[in-house]
Amino acid sequence: MHGHPTSSGRFRRATTLIRSLVAYHPGLFAISMAGAAVFAVCTVGSSWLLRWIIDDVIIPRFDNDSFSVSQTLIAVGLLMGLSLIRACGVIIRRSFAGRAQWRTAQSLTDEVVDVIVQQPPQWHRQQSTGDLLTRAGVDVEASVAVMAPLPYASSVILMMAIAAVGLISSDTALGLAATAVFPILIGLNVLYQRRVDKWFDIAQGELGVLSAAVHESFEGVTVVKAFGAENRETERLAIIASRVQSARIAAIRLRSLFEAALDFVPNMTNICLVVGGAFRVRSGELSVGELASFIYMFTLLVFPLRLIGYALSEMPRSQAGFDRIQNLRLSPVINDPRSLFTHDDDVLALHSASIGYDVNNILFENVSASFAPQSITAIVGYTGCGKSTFVQSLAGITPILSGSISGPSRLTSFVFQEPFLFGTSVRDNVCMGREFSDDDLRWALEIAEADFVHELPQGVDTIIGERGVGLSGGQRQRIALARAIIQRPKILILDDTTSALDPNTEVKVLRSIKSRLPNSTVIAVASRPSLIAMSDQIMFFDQGVIYGPATHIELLVQNVAYRGLMQAYESPADPEEKL
Amino acid sequence: MTNPQVAGAIETLNQGVRAVPSLRQGIGFTLVLAMLGASGRVVVPVVIQQAIDHGLHRSIQGSAQSVDVSLVIKLCLGAAIYLIIASVAQRTAVSRLGQRSESALYDLRVQ
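These notes cover the structure that comes with them. (Residues numbered from 1 in each chain as written. Chains lettered and ligands numbered in written order. Predicted model: local features only at pLDDT ≥ 70, side-chain atom pairs only at ≥ 80, totals over all residues. Heavy atoms only, no water.)

Some words on the overall build of chain A
As a reminder of what qualifies: What counts as a helix is a DSSP run of H or I of at least four residues, what counts as a strand is a run of E of at least two, and both are numbered from the N terminus. Throughout this description, buried means an accessible area under 20% of the type-specific maximum (1.4 Å probe, protein chains only), exposed means over 50%, and partly exposed covers the range between. Contact definition: two residues touch when any of their heavy atoms are within 4.5 Å. Each accessible area is a Shrake-Rupley result for a 1.4 Å probe, and residues are judged covered by the shown protein chains and nothing else.
A tally of helices and strands in chain A yields 21 helices and 9 strands. In chain A, which comprises 579 residues, the proportion classed as buried is 50%. For chain A, the proportion of contacts with a sequence separation of at least 24, taken over those separated by at least 6, is 79%. Here chain A displays about 27100 Å² of accessible surface, and carbon together with sulfur accounts for 58% of that area.

Points about the interface of chain A and chain B
Many analyses report the size of an interface as the accessible area lost when the parts associate. Which entries qualify depends on this criterion: Once two parts are joined, some of their accessible surface, as seen by a 1.4 Å probe, is lost; buried area is that loss totalled over both. A carboxyl oxygen of Asp or Glu within 4 Å of a side-chain nitrogen of Lys or Arg is what we treat as a salt bridge. What qualifies as a polar contact is a pair of N or O atoms within 3.5 Å, subject to a donor-acceptor requirement within protein and to the restriction that residues adjacent in sequence count only when both atoms come from side chains.
The partner chain B presents 33 residues to the 38 residues of chain A that form the contact. Across the chain A/chain B interface, buried area totals approximately 3200 Å², and carbon plus sulfur atoms make up 72% of it. Between the two partners, chain A and chain B, sit 2 salt bridges. Note that Arg41 of chain B is salt-bridged to Asp263 of chain A, the shortest N-O span being 2.7 Å. Scanning the region where chain A abuts chain B turns up 7 residue pairs in polar contact (both at pLDDT 80 or more). Of all the elements in the fold, those that place two or more residues in the side of chain A that touches chain B are α2 (26-63), α8 (181-219), α10 (230-282) and α11 (288-313) of chain A. Counting residues per element, the side of chain A that touches chain B draws most heavily on α10 of chain A, at 26 residues.

Section: the packing of aromatic side chains
All names here are of chain A. Let me state the cut-off plainly: Pairing of aromatic side chains here covers Phe, Tyr and the six-membered ring of Trp, requires ring centres within 6.5 Å, and sorts the geometry by plane angle: under 30 degrees stacked, over 60 edge-to-face, intermediate tilted.
In this structure the tally under the stated criterion is 9 aromatic pairs over all chains. With centroids separated by 4.9 Å and ring planes inclined at 90°, the aromatic side chains of Phe390 and Phe541 adopt a geometry described as edge-to-face. Of this pair, Phe390 sits in helix α13 (residues 387-395) while Phe541 sits in strand β8 (residues 537-542), and the two are 151 residues apart along the sequence. Residues Phe390 and Phe541 agree in their burial class; the two are buried.

So, the sheet that holds β8 of chain A
Residues and elements named next belong to chain A. We count it as follows: What makes two strands pair is DSSP finding at least two bridges between them. Comment: axis = line fitted to C-alpha atoms, over the contacting stretch for helices; angle = value between 0 and 180 degrees taken between N-to-C directions.
If you trace the 6 strands from one edge of the open sheet to the other, you get β5-β6-β7-β3-β8-β9, paired in mixed fashion. Strands with a single pairing partner mark the edges of an open sheet, and in this sheet they are β5 (412-415) and β9 (545-550). Strand-to-strand, the axes of this sheet are offset by a mean angle of 15°, without reference to chain direction. Relative to β8, strand β3 (residues 376-381) is paired through 5 bridges, and the arrangement is parallel. What sits directly across from Gly381, in β8, is Phe541. Taken strand by strand, helix α16 (residues 473-485) contacts β5 and β6 (491-495), and its axis lies near 175° from that of β5. With respect to the sheet, helix α20 (residues 560-570) is in contact with β3 and β8, its orientation differing from that of β3 by roughly 90°.

Section: the nonpolar core
In a soluble, globular protein the nonpolar side chains are often hidden away together inside. Cut-off, in case you're wondering: Put simply, buried Ala, Val, Leu, Ile, Met, Phe, Trp, Tyr and Cys residues joined by side-chain atoms within 4.5 Å make one nonpolar core.
Membership of the largest hydrophobic core comes to 53 residues, with the highest contact counts inside it found for Leu273, Val274, Val281 and Leu291 of chain A together with Cys76 of chain B. Looking at this core, the elements with two or more residues in it are α2, α6 (150-170), α7 (172-179), α8, α10 and α11 of chain A together with α2 (27-55) and α4 (69-110) of chain B. For this core, the leading source of residues is α10 of chain A, giving 13 residues. In this structure, Val274 of chain A is in contact with Ile295 of chain A together with Ile48, Ala51, Val72 and Cys76 of chain B, ignoring residues within four places of it in sequence. Leu441, Leu445, Leu555 and Met566 of chain A belong to the second largest nonpolar core, which has 47 residues in total.

Digging into a nonpolar patch on the surface
Residue and element names in this part refer to chain B. How we decide: The residues that make up patches have over 30% relative accessible area and no salt bridge, and they are joined within 9 Å when like-charged or within 5 Å when they are Val, Leu, Ile, Met, Phe, Trp or Tyr.
A cluster of nonpolar residues, Ile27, Phe29, Leu31, Val32, Met35 and Leu97, forms a patch on the protein surface that exposes about 580 Å² of accessible area. Looking at the element boundaries, Leu97 is found in helix α4. Among the residues examined, Leu97 registers a relative accessible area of 45% and is labelled partly exposed.

Section: the packing of α2 of chain B against α4 of chain B
Residue and element names in this part refer to chain B. Here is the rule we go by: Small angles under 35 degrees read as roughly parallel and large ones over 145 as roughly antiparallel, with 65 to 115 read as roughly perpendicular and the rest as oblique. Throughout, a crossing is termed right-handed when the near helix is turned clockwise from the far one, and left-handed when it is turned anticlockwise from it by less than a right angle. Any residue that is not Ala, Val, Leu, Ile, Met, Phe, Trp, Tyr, Cys, Pro, Asp, Glu, Lys or Arg is counted as polar, Gly included; the first ten are nonpolar and the last four charged.
Contact pair α2 / α4: the axes reach a minimum separation of 7 Å and the direction vectors enclose 160°. The pairing of α2 with α4 is recorded here as roughly antiparallel in orientation. Remark: the crossing between α2 and α4 carries left-handed chirality. Taken together, the residues that form the contact of α2 with α4 break down as 21 nonpolar, 9 polar and 2 charged.

A closer look at the sheet that holds strand β1 (residues 348-358) of chain A
Residues and elements named next belong to chain A. Spatially, the 3 strands line up as an open sheet ordered β2-β1-β4, and their pairing is antiparallel. Both edges of this open sheet fall to β2 (361-371) and β4 (402-406), since each of them pairs with a single strand only. Neighbouring strand axes in the sheet, compared pairwise and without regard to direction, differ in orientation by 30° on average. Bridging between β1 and β4 involves 4 bridges; their strand directions are antiparallel. Considered in β4, the bridge of Ser354 is made with Ser402. Strand contacts of α13: β1, β2 and β4, with the helix running at about 125° to β1, the strand carrying the most contacts.

Topic: the environment of Ile400 of chain A
Residues and elements named next belong to chain A. Its location among the elements puts Ile400 in the loop between α13 and β4. For the pair formed by Ile400 and Tyr357, sequence separation is 43 residues and the distance between their alpha carbons is 8.7 Å. Ignoring sequence-local partners within four residues, the contact set of Ile400 consists of Ala353, Ser354, Ile355, Ser393 and Ile405.

Dropping the structure here:
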């Protein structure tokens, strides 16, 4: 969160915000401003017309008992004409300001989504989904909130300028007294914004945190329910929600004071003008018509003056939302690790690569290995030895820390340990928006042993729900596998993908992949002997060292730790011993 | 015939109150304060009209010296006092309404 700016800094931020927002749809905004200008000129014009009507049409009627039909008709016509033009100005101003506001919101949302989409997976892992959603939704809405009243606020400034000239030229003393209200209101605004800024910043930030926490809570609802942690989650969310509440209440208190002052100052000025005007009329320096016109003009300004204050009162919230969006938009797009791959030949190879989470957490250093085309390589090792990080680096999901990776330019398909299914049909989940024939779909589902989908109520068009609700872990894994297979990838990487399948189904799937995807190089994290037995070569990971690629027999002979792991696979520890 | 828009708005309010009954707490007093605050906006035009009709009307008939300034001052003084009370009421009403809404939102979020 940024530090709180000075008055000049605040003004600069406000003008930057407005300039940035207007730049999205300047045409719409300009039309709205033109409508606002028409409204302003007509409003001031109506007070001059009122003075003319009182002094030249109404008072002569009392003084001379004369009645001019033509003058009355002209007065009525002018009043109606002016009102009509003013109404047109209002319609243009409002409709185009609304359009400008919502189209700007749309453009901003598109930009935020573009930035999110451009970033590689490693960036997404560091973000909270709920917070990103808040930036694309609540923050965008807050940012543009200040836009709709802007044309009106501008028309008020124009009106103030014209009216100030009119008021001062009508009666210098009263005019100066009336125009003194403008700097008072500006001062009030500055004071209000200075005090309220931090509360809106805190509230917007905490809303993002709350959104992230709620999202996380919904994501982990099964864990929460399974462990009976509902109260703990409720308390956690309540603490964050109370921080949002406290910040917003602090802002509301200030706003209520500001709004009351916005009403009070112009109204009190108006009362003072009546008193001052009475003295001026008594001394004969002002006619009743002039005073009425004067008061009317000021009264016309009172409501807009209040509204300009309300418009400006939106500024801190808009500023807070816009700042959060800017932070996201201006964050550098991280290079997609895949863009750094070289594509010299069809062999996937690591060249002196360091693999790990970051420079302080390197798992494997100076790794060089190649994966022969059309081979199956099993990645084997104890839990937590870095198998997933290794295969994710090969797929370009996690960047390597040094060295390089070369491989075929054609697609690499990766199947995660945790399969994610979208809340849509099986077909959409497998095809992922690309055009594939029914035969291709059937072929991929067959290889993945996912034929069960044909027995679902609408077959491949059955909606399977977010995260595949209603499907078993093994079924979800097989649909996710079909998604990778249908791409006919040159490199197919499986991160313990078949772990939820029973051993018979796992063997069937692996055999199908081997026989029906003969051109694919398969790299699979393996935790079962069946997969290891089918592999052409094995890489064994142990305590930061990678052994191989070698055959199963070679590793059994040469590596004690590997032999121990294989024995553990074949005869797991006695359950009673574990206890 | 029932205006569907009005019915919709009322229904929405009712739904809000049903979901968070605490919204109802102190709403009567808040409404009284809000009405008092709103009446402050009416008092100025009324005073202006009264001042012109009763304080300045004689000048219309050519007797500029007979403007009743004391009446205008009395009217404006009364209006000023009323305006102060109305402003305090308005400020309190907005603050109470905002705090109640935020508390209701908090309850909803936690629920």
